[in-house]
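Residue-level structure breakdown
One-letter residues, chain by chain:
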Amino acid sequence: YAANYLFHFTPSDIIASVFCASHKSLTLGIPILRLVFENHPHLSSLTIPILVYHPTQILLGGLLVPTAKSWLLRSELSG
């Protein structure tokens, strides 16, 4: 909510940023790990935190939807 006041983003912009930016971790994280730890014998073990983090993001994002929706509706009604 602070981004709304600091940068004058609309609530819909903030909600889109929260949901879109957080889902880049798996698609960017695995290739970056493969580049940085190219010949590491335990590369698969290094990817476990990212593989756990991604579904956690999806679950928490699903829980956040009602709050974000009510915030968006309140902001649209207040004009």
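These notes cover the structure that comes with them.

Helix and strand counts for the protein come out as five helices and zero strands. Ordering the α and β elements of the protein from the N terminus gives α-α-α-α-α. For the protein, the proportion of its 79 residues judged to be buried stands at 19%. If you sum the accessible surface of the protein, you get close to 6100 Å²; carbon and sulfur atoms cover 71% of it.

Turning next to the environment of Thr10. Structurally, Thr10 can be placed in the loop between helix 1 (2–7) and helix 2 (11–21). Using a relative accessible area of 37% as the deciding quantity, one classes Thr10 as partly exposed. It is 8.9 Å that separates the C-alpha atoms of Thr10 and Ser75, two residues lying 65 residues apart in sequence. A polar contact of 3.2 Å, which involves the side chain of Thr10, links it to the side chain of Ser12. A polar contact of 3.0 Å, which involves the side chain of Thr10, links it to the side chain of Asp13.

For helix 5 (residues 48–78), spanning 31 residues, the distance from its first C-alpha to its last is 44 Å, which sits close to the expected 45 Å at 1.5 Å a residue. Taken as a whole, helix 5 carries its principal kink of about 40° at Leu64; the proline Pro66 stands between one and four residues after it. Listed in full, the buried residues belonging to helix 5 are Ile50, His54, Gln57, Gly61, Ala68 and Trp71.

Now for a nonpolar patch on the surface. The grouping of Leu28, Ile32, Leu35, Val36 and Phe37 at the surface amounts to a nonpolar patch, some 500 Å² of accessible area in total. Residue position: Ile32 is located in helix 3 (residues 24–36).

Let us look at helix 2. Taken as a whole, helix 2 has its buried residues at Pro11, Ile14 and Ile15. Axial view of helix 2: buried residues confined to an arc of 100°, hence all on one face. Residues of helix 2 that are exposed and point more than 90 degrees away from the buried face comprise Cys20 and Ala21.

Rules and cut-offs
- Residues numbered from 1 in each chain as written.
- Predicted model: local features only at pLDDT ≥ 70, side-chain atom pairs only at ≥ 80, totals over all residues.
- Heavy atoms only, no water.
- Helix = DSSP H or I, 4+ residues; strand = E, 2+ residues; numbered from the N terminus.
- Buried < 20%, exposed > 50% of the residue type's maximum accessible area, 1.4 Å probe, protein only.
- Areas by Shrake-Rupley, 256 points an atom, 1.4 Å probe, with all protein chains shown as cover.
- Polar contact = N/O pair within 3.5 Å; in protein donor to acceptor, adjacent residues only side chain to side chain.
- Expected span 1.5 Å × (residues − 1).
- Bend = angle between axes of the 7 residues up to and from the residue.
- Patch = residues over 30% accessible without salt bridge, like charges linked within 9 Å, V, L, I, M, F, W, Y side chains within 5 Å.
- Salt bridge = Lys/Arg side-chain N within 4 Å of Asp/Glu carboxyl O.
- Arc of directions from axis to C-beta.

It is worth stressing that arrangement in space is one thing and function is another; only the former is reported here.
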